[in-house]
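Fold and geometry: a report
Here is what each chain is made of, one letter per residue.
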Amino acid sequence: MKTEAIASAVTIGEPALRSICDAVLKAADGDQAEAVVVARNAALTRFANGAIHQNVVSREADLRIRVVRGKRVAMVTTDRLDPDGIRRATEDASDLARSAPENPTFGGLPGDRGIRAAPSAFVERTADATPTDRARAAKQLCDAARAASLSAAGYVSTNVQELAIANSLGVWAYAPATTSDVELAALGGAGSAFAQRIALDFGALDVAGCAREAVAKATAAQRPRDLPPGTYEVVLEPYAVRDIVSFLGSQLTGLAVEEGRSFVTAKLGQKVTGDVTLVDDPFDAEGLPRSFDLEGQPSERLTLIERGVAKAVVYDSQTAYRTGQKNTGHALPPNPFQPSAPMHLRLEPGTKSRDDLIRESKRAVLVTRFWYTRWVHQLRTIVTGMTRDGTFAIEDGEIAYPVKNFRFTQSYHEALAGTLGIGSDLALLVPGEQFGLQLSSYRVPALRLAAFAFTGATQY
């Protein structure tokens, strides 16, 4: 896979990473071998009570080596990338592969299938951002909160990562990426609000928009009232929608179908939600594009749900081999729990503005985000959690007053069955690091849903 050369003080670069991988493949003693290098430079400026209290930079690089002997597979990880460290780790992996238990369902490492170029996810301006740049952004957030007599807490971050993958069957894949992230929790004496903005380009990061959203919502969220638990129509901000998409996406995998715990098991081609379309698009330039997975296999653009109908799930090489399906190029780092996942999810936009969704709701609850969400029943996609940082009653098409937070227990795909409206604007959101990487991105709109079950209320 050919990529444009990048130049930055915080990147290792493709030639050096390829040299590391080549050294592993040359030293490995087995039938097959694989080398994966993950290099990261994470910079974080954190603030609380309107003042910066932490500025940290973490620079790390890890090498993961897999060696295969027949049906025996061993993996060793090291953060020593000098020649001696590479040699020792490769020898250890080779030795372990001789004694590892056989895996009768292992189908071998995947070969080179060619990789289509994706839009670049690397922006040099983000890689070169300084502590002063982040401090200025933090000051903008704190000043906005202070002007509204609110306390401010949050962070500004810039992240750079490089991913390189090679194996003895001819696979080579390399991609650099950058992200910048700003988050603000604005707190008053009796209410809080949350806002976040993410961009690949630090220069395009909407710090002012983040401040306006959090401050305006926090001002409106003071002195929340009681609202009895029950089933309500809801308008969900993108932060809450991302939670729904994340949980459902984790079940749209070959392993979840194989194990019979996916809500689309035996239902491909059938209606499973309302009129929503969910795609996994590794070529989406507005997301975090990357055209290959963690095995160096080409990632396909897949329509997972089309206008409510289940269409596809994603596969890695081993699940595909075991079940006789096509590898879609969605492998995660080797692990026994979740070998594949959609990593570039987009819930397609509708035609309504956020204000339209509110205006069309006679009696509803506006939810900013969900918090502390956990599975109750995977097959039925039942999740429990809480609302947080801005929950409001909607009456006759207007935000009427803030309400205390709810506990909910709700089937996410059944909630989507009652989709009444979809926002026209998509927000870019990313989860925290997974397996030491920023692997995933979400682009999601606001949603209006007919029914959402709030099972309890909190005291705040």
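As a starting point, this report considers the structure included with it.

Conventions adopted
- Residues numbered from 1 in each chain as written.
- Predicted model: local features only at pLDDT ≥ 70, side-chain atom pairs only at ≥ 80, totals over all residues.
- Heavy atoms only, no water.
- Helix = DSSP H or I, 4+ residues; strand = E, 2+ residues; numbered from the N terminus.
- Buried < 20%, exposed > 50% of the residue type's maximum accessible area, 1.4 Å probe, protein only.
- Contact = heavy atoms within 4.5 Å.
- Areas by Shrake-Rupley, 256 points an atom, 1.4 Å probe, with all protein chains shown as cover.
- Lys, Arg positive; Asp, Glu negative; His and termini not counted.
- Charge placed at Lys NZ, Arg CZ, Asp CG, Glu CD.
- Core = buried A, V, L, I, M, F, W, Y, C linked by side-chain atoms within 4.5 Å.
- Domains from an automatic or database assignment.
- 1 Å grid on protein atoms, 1.4 Å probe; cavity = no way out; pocket = protein on both sides within 12 Å on 5 of 7 lines; lining within 4 Å.
- Points joined across faces, edges and corners; volume = space filled by probe spheres on them.
- Nonpolar A, V, L, I, M, F, W, Y, C, P; charged D, E, K, R; others polar.
- Phe/Tyr/Trp six-rings, centres within 6.5 Å; stacked < 30°, edge-to-face > 60°.
- Lys NZ or Arg CZ within 6 Å of the ring centre and 35° of its normal.
- Expected span 1.5 Å × (residues − 1).
- Polar contact = N/O pair within 3.5 Å; in protein donor to acceptor, adjacent residues only side chain to side chain.
- Disulfide = S-S within 2.5 Å.
- Pairing = 2+ DSSP bridges.
- Axes fitted to C-alpha atoms, helices over the stretch in contact; angles between N-to-C directions.

**Here's the deal with the overall build of the protein**
- When you go through the protein residue by residue, the secondary structure sums to 10 helices and 19 strands.
- The principal-axis extent of the C-alpha atoms belonging to the protein is close to 70 × 55 × 35 Å.
- The burial tally for the protein puts 57% of its 460 residues in the buried class.
- The long-range fraction of contacts in the protein, counting pairs at least 24 apart against all pairs at least 6 apart in sequence, stands at 72%.
- Just so you have it, the protein exposes about 18,900 Å², and 49% of that area is on carbon and sulfur atoms.
- Looking at the protein, you have 51 positive and 53 negative side-chain charges, and the mean spots of the two groups are 4 Å apart.

**Looking at the nonpolar core**
- Among the nonpolar cores identified, the biggest contains 79 residues, and Leu141, Leu236, Phe370, Tyr412 and Phe454 are the most heavily contacted of them.
- Ranked by the residues each element gives to this core, the list is headed by helix α6 (residues 238-249), at 7 residues.
- For this core, the domains that each give at least three residues are domain 1 (3-220) and domain 2 (230-457).
- The contact partners of Phe454, leaving out residues within four places of it in the chain, are Pro229, Gly230, Tyr232, Val234, Val365, Val367, Thr387, Phe406, Arg407 and Phe408.
- In terms of nonpolar packing, the next biggest core, distinct from the first, is built from 21 residues, Ala28, Ala35, Ala97 and Ala164 among them.

**Quick word on the layout of surface pockets**
- By volume, the largest pocket is sized at about 860 Å³.
- Among the elements of the structure, β1 (32-48), β2 (51-69), β4 (151-167), β5 (172-188), β6 (191-199), α6, β12 (363-377) and β13 (382-395) are those that each provide at least two residues to the lining of the largest pocket.
- Class assignment for the residues of the lining of the largest pocket results in 15 nonpolar, 11 polar and 11 charged.
- When we break the lining of the largest pocket down by domain, the ones giving at least three residues each are domain 1 (3-220) and domain 2 (230-457).
- Residue lining of the second largest pocket: 33 residues in total, with Arg197, Glu213, Pro238, Leu426 and Ala427 positioned closest to the centre.
- Only β6, α5 (207-220), α6 and β17 (427-429) provide two or more residues apiece to the lining of the second largest pocket.

**Here we look at the packing of aromatic side chains**
- What the rule picks out here adds up to 12 aromatic pairs.
- Judged by centre distance (5.7 Å) and plane angle (90 degrees), the rings of Phe247 and Tyr412 are edge-to-face. Highlighted residues: Phe247 in helix α6 and Tyr412 in helix α10 (residues 412-417), separated in sequence by 165 residues. By the burial criterion, Phe247 is buried, and Tyr412 matches it.
- An aromatic cluster of three or more residues is present, and its members are Tyr232, Phe247, Phe370, Trp375, Phe406, Phe408, Tyr412, Phe452 and Phe454.
- One residue, Arg225, lies across the ring of Tyr401, its end atom 4.1 Å from the ring centre.

**Let's talk about empty space enclosed by the protein**
- A complete count under the given rule lists 4 cavities of 30 Å³ or more for this structure.
- Considering only enclosed or pocket space, the largest cavity measures out at about 80 Å³ in volume.
- Forming the boundary of the largest cavity are Ala121, Gln161, Leu163, Ala175, Pro176, Ala177, Leu288, Pro289, Arg290 and Gln438.
- Those elements that provide at least two residues to the lining of the largest cavity are β4 and β5.

**What to know about α6**
- Its 12 residues place the ends of α6 16 Å apart at the C-alpha level, agreeing with the 16 Å of an ideal helix rising 1.5 Å per residue.
- Counted residue by residue, α6 has 10 buried out of 12 residues, so it is predominantly covered.
- For α6, the set of buried residues is Pro238, Tyr239, Ala240, Val241, Asp243, Ile244, Val245, Phe247, Leu248 and Gly249.

**Observations regarding the side chain of Ser291**
- Within the fold, Ser291 resides in the loop between β8 (278-280) and β9 (302-306).
- Given a relative accessible area of 2%, Ser291 falls into the buried group.
- Within the structure, Ser291 has its side chain in polar contact with the backbone oxygen of Arg116 (distance 2.6 Å).

**Brief notes about the state of the cysteines**
- One pass over the structure, following the stated rule, counts 0 disulfides.
- Of all cysteine sulfurs in the structure, the one in Cys142 sits closest to Cys210, which takes part in no disulfide; the separation is 11 Å.
- Residue classification places Cys210 among the buried positions, given a relative accessible area of 0%.

**A look at the sheet that holds β6**
- Pairing in this open sheet of 6 strands is antiparallel, and the strands run β3-β2-β1-β4-β5-β6 from one edge to the other. Pairing within the sheet leaves two strands with one partner each, and these edge strands are β3 (72-78) and β6. Each strand axis lies, on average, 15 degrees off the axis of its neighbour in the sheet, ignoring direction.
- Pairing analysis gives 7 bridges linking β2 to β3, with the strands arranged antiparallel. In the strand pairing of β3, Arg69 is matched with Arg72.
- Sheet strands touched by helix α2 (residues 83-99): β2 and β3. Its angle to β3, the strand with the most contacts, is close to 155 degrees.
- Against the sheet, helix α4 (residues 131-147) engages β1, β2, β4 and β5, with an angle of about 145 degrees to β4.

**A closer look at the environment of Asn55**
- With respect to the secondary-structure elements, Asn55 resides in strand β2.
- Along the sequence, Asn55 and Phe202 sit 147 residues apart, while their C-alpha atoms lie 17 Å from each other.
- Ignoring any residue separated from it by four or fewer positions in sequence, one finds Asn55 in contact with Leu44, Thr45, Pro131 and Arg134.
- In terms of polar contacts, Asn55 uses its side chain to reach the side chain of Thr45, at 2.7 Å.
- Only 3.5 Å separates the side chain of Asn55 from the side chain of Arg134, close enough to count as a polar contact.

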